[in-house]
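Each chain is listed here by its residues.
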Amino acid sequence: MSSPIRIATRSSKLALWQANKVGKMLNCEYELVKVTTTGDSKTDVSIAEIGGIGAFAKEIQLAVLNGDAHIAVHSAKDLPAQTPQGLKLASVPLRGDVRDVLVGSTIDNLKTGAVIATGSQRRRSQLAHLRPDLKFEDLRGNIQTRLEKTKNFDAIVLAYVALERLSLQDSASQILSVNQMLPQVGQGALAIEVREDDEETTNLVENINDVNAYKCLLAERAFLETLGGGCTLPCAAYAVIENDSIFLRALLGSNDGNKIIRSEMTMLDPVELGKKVATDILHTQDGESLLKEIQ
């Protein structure tokens, strides 16, 4: 491109790391367009209270739609299941560790009735399933702020990749396996959105696309869209490539963790796979009834 590519991003240290990482991967001149999202400006209420879906993405997407930026760089887990009209998910250039971590204690060392801080219903549901005695409090703020709040609780839960990218991985007390804690849709992945009609920028970002990561994200997002949920729903999905096919495992849980419905399948087509896994949970295993209870 003849002029610097403008990258819309949140202003947190983690978001800036991610945007700069993409800028360097593109190997061209770039400048950052820092955007304050609803989720960034309203840190005194839970994500569910401010709408959940798109709380950390909407304003960044608008910056691209309005022409203030060429691309939007997101943590893929922050994206709504449906891409807004006028935009397209053009590239998934990087996916790191998808696992969650406990900071402050390991799960086996938590006392009976321990208080865990996390704003995620997905994490609460799965931890409560492992340890029904646990209690939960909300946790908001950037990574540094959350780490500072660890002293107020028995433990907090974070994404390991966030600690890694900020060189804070030594803070982790325990890395939870995906069998213990299935990740959020898109966890660990970076996602680049571009205007649908911007062919030049699309071609540029497609050069750094990780095809396998892209396929896996499509499968996970198709699951979420078919389920009809967002980041406030106690659901999880994680896809990997196995022998050229895509293996997707997913779950839907009750808010209290008493019930967890799981499904897993392998297919070639990522979107069809995501839809089938969600349909299995909703209809074959009566996840529709559970969904009505938790919404």
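One can find the structure itself at the top, above this paragraph.
Keep in mind that this is a model prediction, so the values were computed, not measured.

Conventions we followed
Residues numbered from 1 in each chain as written. Predicted model: local features only at pLDDT ≥ 70, side-chain atom pairs only at ≥ 80, totals over all residues. Heavy atoms only, no water. Helix = DSSP H or I, 4+ residues; strand = E, 2+ residues; numbered from the N terminus. Buried < 20%, exposed > 50% of the residue type's maximum accessible area, 1.4 Å probe, protein only. Core = buried A, V, L, I, M, F, W, Y, C linked by side-chain atoms within 4.5 Å. Contact = heavy atoms within 4.5 Å. Pairing = 2+ DSSP bridges. Polar contact = N/O pair within 3.5 Å; in protein donor to acceptor, adjacent residues only side chain to side chain. Expected span 1.5 Å × (residues − 1). Axes fitted to C-alpha atoms, helices over the stretch in contact; angles between N-to-C directions. Parallel < 35°, antiparallel > 145°, perpendicular 65-115°, else oblique. Nonpolar A, V, L, I, M, F, W, Y, C, P; charged D, E, K, R; others polar.

(A) Seen up close, unusual backbone geometry. At Asp244, a position not held by glycine, the phi torsion is positive, near 75 degrees. Structurally, the position occupied by Asp244 is in the loop between β11 (235-242) and β12 (245-253). Judged by relative accessible area, Asp244 falls into the exposed class, the value being 68%. Residues other than glycine seldom take positive phi values, yet Asp286 does so here, at roughly 60 degrees. Position of Asp286 among the secondary structure elements: in the loop between α9 (270-284) and α10 (287-294).

(B) Spotlight on the nonpolar core. By size, the foremost hydrophobic cluster in this structure holds 24 residues, and its most contacted members are Phe223, Leu227, Leu233, Cys235, Leu248, Leu252 and Ile281. Listed in part, the 14 residues of the second largest apolar core include Ile7, Ala19, Ile71 and Ala90.

(C) Here's a closer look at the environment of Thr106. Structurally, Thr106 is set in the loop between β5 (100-103) and β6 (115-117). The class for Thr106 is partly exposed, based on a relative accessible area of 23%. In sequence terms Thr106 and Ala155 are 49 residues apart; their C-alpha atoms lie 8.2 Å from each other. Aside from chain neighbours lying at most four places away, what touches Thr106 is Ser173 and Gln174.

(D) Main features of the pairing of β5. Side chains Asp100 and Leu102 of β5 all project onto a buried face; the interleaved residues Val101 and Val103 project onto the opposite face, where all are buried too. As defined by bridge partners, β5 adjoins strand β8 (residues 155-159) across 4 bridges and the pair is classed as antiparallel. Considered in β8, the bridge of Val101 is made with Leu158. The sheet contact formed by β5 and strand β9 (residues 174-175) spans 2 bridges and is antiparallel. Residue Leu102 lies in a different strand from β9, and its bridge partner there is Gln174.

(E) How the structure looks around the side chain of Ser91. As for its placement among the helices and strands, Ser91 is situated in strand β4 (residues 87-95). Within polar-contact distance, the side chain of Ser91 engages the backbone oxygen of Val205 at 3.0 Å. Contact partners of Ser91, with chain neighbours within four places excluded, come to Leu190, Ala191, Ile192, Val205, Ile208, Asn209 and Tyr214.

(F) Focus on helix α1 (residues 13-26). For α1, with 14 residues, the first-to-last C-alpha span of 20 Å sits near the 20 Å given by 1.5 Å per residue. Taken from the residues just after α1, Asn27 is the one with a positive phi, measuring 55 degrees.

(G) Expanded view of the packing of α9 against α10. Contact geometry of α9 with α10 gives a least axis separation of 5 Å together with a crossing angle of 85 degrees. By the angle class used here, α9 and α10 are roughly perpendicular. Note on element contacts: α10 touches α9 through Gly287, Glu288 and Leu291, opposite Ile281, Leu282 and His283. Taken together, the residues that form the contact of α9 with α10 break down as 3 nonpolar, 2 polar and 1 charged.

(H) Looking closely at helix α8 (residues 211-227). Look at α8: 24 Å from first C-alpha to last across 17 residues, which is about the 24 Å you get at 1.5 Å a residue. For α8, the set of buried residues is Ala213, Cys216, Leu217, Ala219, Glu220, Arg221, Ala222, Phe223, Leu224 and Leu227. For α8, the elements touching its buried residues are β4, β10 (189-195), β11, β12, α9 and α10. N-cap assignment for α8: the residue whose side-chain oxygen lies 3.1 Å from the backbone N of Asn212 is Asp210.

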